[in-house]
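# Commentary on secondary and tertiary structure
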Amino acid sequence: MSDRRYPETVADGFPAPPTEFTDREDRTVEIRPYEDTEDAYESLVAMYDAFDPSDRAQGIPPGGEKRIREWLDAILGDDCYNVLAWCGDEVAGHATLVPDGDAYELAIFVHQEYQRAGIGTHLIRGLLGYGQAEGVRKVWLTVERWNRAAVSLIKKIGFETSNAESFELEMGLRLNEDDGDEDEGDGDGA
């Protein structure tokens, strides 16, 4: 059990995917839960293989196709929750909830060709809606404090800072009420 703090209040409801919207570039984007198909997997690998190295944080996403596949194999497991932003047949972004003790860690990646178009907001909200529907109780993330756009977005969604002692901010969100059983996972991944 960690010493992370989470807001007392449960966040408002988030839209569970699939959802569709038009981004600021007038592109139709659909947020969908990840489906374990070869097309979805290969499209996700292609997005990360073309990912700008300057957009990497904390060593993720990894570089190189072999390392990308190993990383995806770990975070696309049954105990994780994943959503993709699709623009036509291309993956524009990916967000994941990875179990970490009594909570889930959130990570989000939007390909550089799709950034600053509102996709990240919809992607996070869709992932949180998916997590809420699956019974995830607590979510945390870290963000580099200099990344003002990300910090602003995350705060707007409802995350609160729980640790600000390093160059990163740790932020938490309560998605569902605790059931009082701290040993039980936040969802069964089924």
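Residues numbered from 1 in each chain as written. Predicted model: local features only at pLDDT ≥ 70, side-chain atom pairs only at ≥ 80, totals over all residues. Heavy atoms only, no water.

### Description of the overall build of the protein chain
Each helix and strand in the protein chain was counted, giving 4 helices and 8 strands. In sequence order, the protein chain lays out its α and β elements as β-β-α-α-β-β-β-α-β-α-β-β. Relative to the globule expectation of 16 Å for 190 residues, the C-alpha radius of gyration of the protein chain, 16 Å, shows essentially globular dimensions. The dimensions of the protein chain, computed from C-alpha atoms along their principal axes, are 40 × 35 × 35 Å. By the burial criterion, 44% of the 190 residues in the protein chain qualify as buried. If you take every contact in the protein chain between residues at least 6 apart in sequence, the share linking residues at least 24 apart comes to 64%. When the accessible area of the protein chain is evaluated, it comes to approximately 9900 Å², of which 44% is carbon and sulfur surface. The average position of the 18 basic charges and that of the 42 acidic charges among the side chains of the protein chain differ by 8 Å. (Helix = DSSP H or I, 4+ residues; strand = E, 2+ residues; numbered from the N terminus. Rg over C-alpha atoms; globule rule 2.2 N^0.38 Å. Buried < 20%, exposed > 50% of the residue type's maximum accessible area, 1.4 Å probe, protein only. Contact = heavy atoms within 4.5 Å. Areas by Shrake-Rupley, 256 points an atom, 1.4 Å probe, with all protein chains shown as cover. Lys, Arg positive; Asp, Glu negative; His and termini not counted. Charge placed at Lys NZ, Arg CZ, Asp CG, Glu CD.)

### Examining the nonpolar core
Core analysis: the biggest nonpolar cluster contains 34 residues, and Leu 97, Leu 106, Ile 119, Leu 128, Val 139 and Phe 159 have the highest contact counts within it. Residue assignment for this core shows that the elements contributing at least two residues are strand E2 (28-33), strand E3 (81-87), strand E4 (90-100), strand E5 (103-110), helix H3 (119-133), strand E6 (138-144), helix H4 (148-157) and strand E8 (168-174). With 5 residues, the single largest contributor to this core is H3. With residues near it in sequence (within four places) discarded, Ile 119 still touches Phe 21, Asp 23, Arg 27, Val 29, Ala 85, Ala 92, Val 110 and Tyr 114. Counting 18 residues, the second-largest nonpolar core is a separate cluster that includes Ala 40, Trp 71, Ile 75 and Phe 109. (Core = buried A, V, L, I, M, F, W, Y, C linked by side-chain atoms within 4.5 Å.)

### Focus: the pattern of salt bridges
Across all of its chains, the model carries 10 salt bridges by this definition. The salt bridge involving Glu 42 is made with Arg 69; its shortest N-O contact spans 2.7 Å. Of this pair, Glu 42 sits in helix H1 (residues 38-49) while Arg 69 sits in helix H2 (residues 65-75), placing them 27 residues apart in sequence. Among the ionic pairs, Arg 174 bridges to Asp 178, the shortest N-O distance being 2.9 Å. Residues joined by salt bridges that share partners form a network here, namely Arg 4, Asp 100 and Glu 170. (Salt bridge = Lys/Arg side-chain N within 4 Å of Asp/Glu carboxyl O.)

### Here we look at the packing of aromatic side chains
Taken as a whole and assessed by the stated rule, the structure comprises 7 aromatic pairs. Judged by centre distance (5.8 Å) and plane angle (50°), the ring pair of Tyr 48 and Phe 51 falls under tilted. As far as burial versus exposure is concerned, Tyr 48 and Phe 51 are alike and both buried. With 6.1 Å between their ring centres and 80° between their planes, Phe 51 and Phe 109 make a pair best called edge-to-face. Of the two residues, Phe 51 sits in the loop between H1 and H2 while Phe 109 sits in strand E5, which places them 58 residues apart along the sequence. On the accessibility criterion, Phe 51 (4% relative accessible area) is buried. Among the aromatic residues, those joined into a cluster by ring pairs are Tyr 48, Phe 51, Trp 71 and Phe 109. Here Arg 4 stacks its cationic end above the ring of Trp 140, 3.5 Å away from the centre of that ring. (Phe/Tyr/Trp six-rings, centres within 6.5 Å; stacked < 30°, edge-to-face > 60°. Lys NZ or Arg CZ within 6 Å of the ring centre and 35° of its normal.)

Everything listed here is a matter of coordinates, which is why it stays silent on function.
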